[in-house]
Amino acid sequence: MVEQLDVLVIGAGLSGISAAWHLQTECPTLSYAIVEARERMGGTWDLFRYPGIRSDSDMYTLGYRFRPWQNAKAIADGPSIKAYIEDTARESGIDQHIRFQHRLVRAEWSSETARWTVTLEAGRERTPVQISARFLFSCAGYYDYAQGYTPDWPGLADFAGRVVHPQQWPETLDYAGKRVVVIGSGATAVTLVPAMAMGAHAAAHVTMLQRSPTYIATLPSEDAIANAMRRVLPARVAYGMSRWKNVARSMFYYHLARTYPKVFKHGLRTEARKQLGNDFPVDVHFSPTYQPWDERLCMIPDGDLFQVLRNGSASIVTDQIVRFDAAGIVLQSGTRLDADIIVTATGLRMALLPGVTLTVDGTPVVFNTTMLYKGMMLTDVPNLAAAVGYTNASWTLKSDLITQHVCRLLTYMQAHAFEQVMPRREAGMGETPVFDFTSGYVQRAAPSLPKQGTRAPWRLYQNYVKDLFSLRHGRVDDPALEFRRAPASQPTASR
């Protein structure tokens, strides 16, 4: 017999555990389960195991609004974040609702029954399992967990050493005393370089090879103000104040960067020169050609990357790769980098529900023909939402707001006996790419992603305060939504 649920949550990572907590708290009469393809919860923070893995957002905003982060470090390492997720699930009984090693492969909506029939592969044997759910809530993020992105460089197969992508980091990799080249300039690269260059098992030397520079900002790993407030105030009060302080700070710096880019760039350059010294070629390696926040800003706690560049245990090269050979990499400038290990920190494969077939009444859903409603629902796709975070702030800030809005929507539907809801695109609504980043991983995926509109509720503002009013306090009986009381009936809600 097919199991019947009210809500099926996809993914037991940071967003999935938040979704479960809110469902239990705000919709206690609804049944739910979480299906997780992996053997453990944690999502990103379980998948990535490379040296130094950490957040690039502070934990007062990356942490849950309902569960204070109490560690001294605001910029936390991956294992600490994973433990925080696990503790939250265990304390709330959420762990009892998780079906591990259940990989979603197909979801079919039927208007006749007003339900999703979800097909999963369970266990190592990938046994087919079906679950029927009234509402599907994807908390699986927006990248492919199966593989990262590695360019097709000439001669890569000729390299005699080890080639590793951070998304598939081998537990047995020994880099102590080895020559390491890390290719990339994003968050993963700037984390790996200092982690591999320092400590008892440090590499002989680490070279960060970047095609072009990235904006990098330093910040303290500990939040002195938050720690001081926690010593004198109740935990929840201190956490709430610290959270809003950091939300305001990030919004201020983002506004400064987009409104006065020259001022922002000057500040980053001044800080880099202060830490690296006047003789370091800062303008060569840390002055991008694009404007701040055209791509995500990289954060380095306590200036750790600058520290290893300054002491010589690591170096940075800005150049183009011509080809690989048995000993290393030949660069466009004519120089070469010899290596024992090459780490391709070259990005992710961005995708929504990769490997999943999604149909509505037998018709496949083509994501790039849809438009996002409030950044969480797809036009003409009933009873489906996705928790997606910010690109310019902590992921959890947005995903938590979406989860709260979904719970309010489910409560509204239950109170009015609606069985179906879906967004309908407004006539004449203009469209733009869903992300306005110039990053390679965004540009590669852009043709396959949904669009956003040119005004609310179809536009993504990347602004927490605006979303707070729209998602936590805004109306759920939106004219852009079509509600139905009975599967075969005509629409009964306003349009």
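The structure reproduced in this document is the subject of the present report. (Residues numbered from 1 in each chain as written. Predicted model: local features only at pLDDT ≥ 70, side-chain atom pairs only at ≥ 80, totals over all residues. Heavy atoms only, no water.)

### A word on the overall build of the protein
Stage number 1. When helices and strands are counted, the protein shows 13 helices and 25 strands.
Stage number 2. On C-alpha atoms alone, the protein measures out to a radius of gyration of 24 Å, which is about the 23 Å that the 2.2 N^0.38 rule sets for 495 residues.
Stage number 3. Oriented by its inertia axes, the alpha-carbon framework of the protein measures out at about 70 × 55 × 45 Å.
Stage number 4. For the protein, with 495 residues in total, the buried portion stands at 53%.
Stage number 5. By sequence separation, contacts in the protein at least 24 residues apart represent 72% of the contacts at least 6 residues apart. (Helix = DSSP H or I, 4+ residues; strand = E, 2+ residues; numbered from the N terminus. Rg over C-alpha atoms; globule rule 2.2 N^0.38 Å. Buried < 20%, exposed > 50% of the residue type's maximum accessible area, 1.4 Å probe, protein only. Contact = heavy atoms within 4.5 Å.)

### As for the pattern of salt bridges
Stage number 1. Tallied over the full model, the rule gives 27 salt bridges.
Stage number 2. Residue R258 is joined to D294 by a salt bridge in which the shortest nitrogen-to-oxygen separation is 2.9 Å. Pair noted here: R258 is in helix α7 (residues 235-259) and D294 is in the loop between α9 (282-285) and β11 (298-301), with a separation of 36 residues, a long-range link.
Stage number 3. Residue R258 is classed as partly exposed on the basis of its relative accessible area of 36%.
Stage number 4. Note that R424 and E482 form a salt bridge whose closest N and O atoms lie 3.2 Å from each other. Of this pair, R424 sits in the loop between β22 (420-423) and β23 (431-433) while E482 sits in strand β25 (residues 481-484), and the two are 58 residues apart along the sequence.
Stage number 5. Accessibility expressed as a relative area gives 3% for E482, which makes it buried.
Stage number 6. When salt bridges that share partners are traced, they join R38, E39, R40, D46, R49, K82, E86 and R124 into one network. (Salt bridge = Lys/Arg side-chain N within 4 Å of Asp/Glu carboxyl O.)

### Description of the sheet that holds strand β15 (residues 336-338)
Within a sheet, each strand pairs with its neighbour through backbone hydrogen bonds, oriented either parallel or antiparallel.
Stage number 1. As summarised here, the arrangement of the 3 strands in space is β13-β14-β15, forming an open sheet in which the pairing is antiparallel. Of all the strands in the sheet, just β13 (321-324) and β15 have a single pairing partner and so form its edges. Averaged over all adjacent pairs, the angle separating strand axes in this sheet is 20 degrees, with direction ignored.
Stage number 2. As paired strands, β13 and strand β14 (residues 328-331) are joined by 3 bridges and run antiparallel to one another. (Pairing = 2+ DSSP bridges. Axes fitted to C-alpha atoms, helices over the stretch in contact; angles between N-to-C directions.)

### Details of the pairing of β14
Stage number 1. Bridge analysis of β14 against β15 gives 3 bridges, and the strand direction is antiparallel. For G328, the partnering residue across the bridge sits in β15 and is D338.
Stage number 2. Adjacent in sequence and paired antiparallel, β14 and β15 are bridged by 4 residues, among which G334 carries a positive phi angle near 100 degrees.

### Points about the layout of surface pockets
Stage number 1. Of the pockets and cavities examined, the second largest pocket occupies roughly 620 Å³.
Stage number 2. What lines the second largest pocket is a set of 29 residues, among which A217, R249, Y253, L297 and M299 lie closest to the centre.
Stage number 3. Going through the elements one at a time, β10 (216-219), α7 and α8 (261-276) are the ones with two or more residues in the lining of the second largest pocket.
Stage number 4. Of all the elements, α7 adds the most residues to the lining of the second largest pocket, at 6 residues. (1 Å grid on protein atoms, 1.4 Å probe; cavity = no way out; pocket = protein on both sides within 12 Å on 5 of 7 lines; lining within 4 Å. Points joined across faces, edges and corners; volume = space filled by probe spheres on them.)

### What to know about α8
Stage number 1. The end-to-end C-alpha distance of α8 is 22 Å, a good match for the 22 Å that 16 residues give at a rise of 1.5 Å each.
Stage number 2. Regarding α8, the residues found buried are P261, F264, L268, A272, R273, Q275 and L276. For α8, the angular spread of the buried residues around the axis is 165 degrees, confining them to a single face. Residues of α8 that are exposed and point more than 90 degrees away from the buried face comprise K262, V263, H266 and K274. (Expected span 1.5 Å × (residues − 1). Arc of directions from axis to C-beta.)

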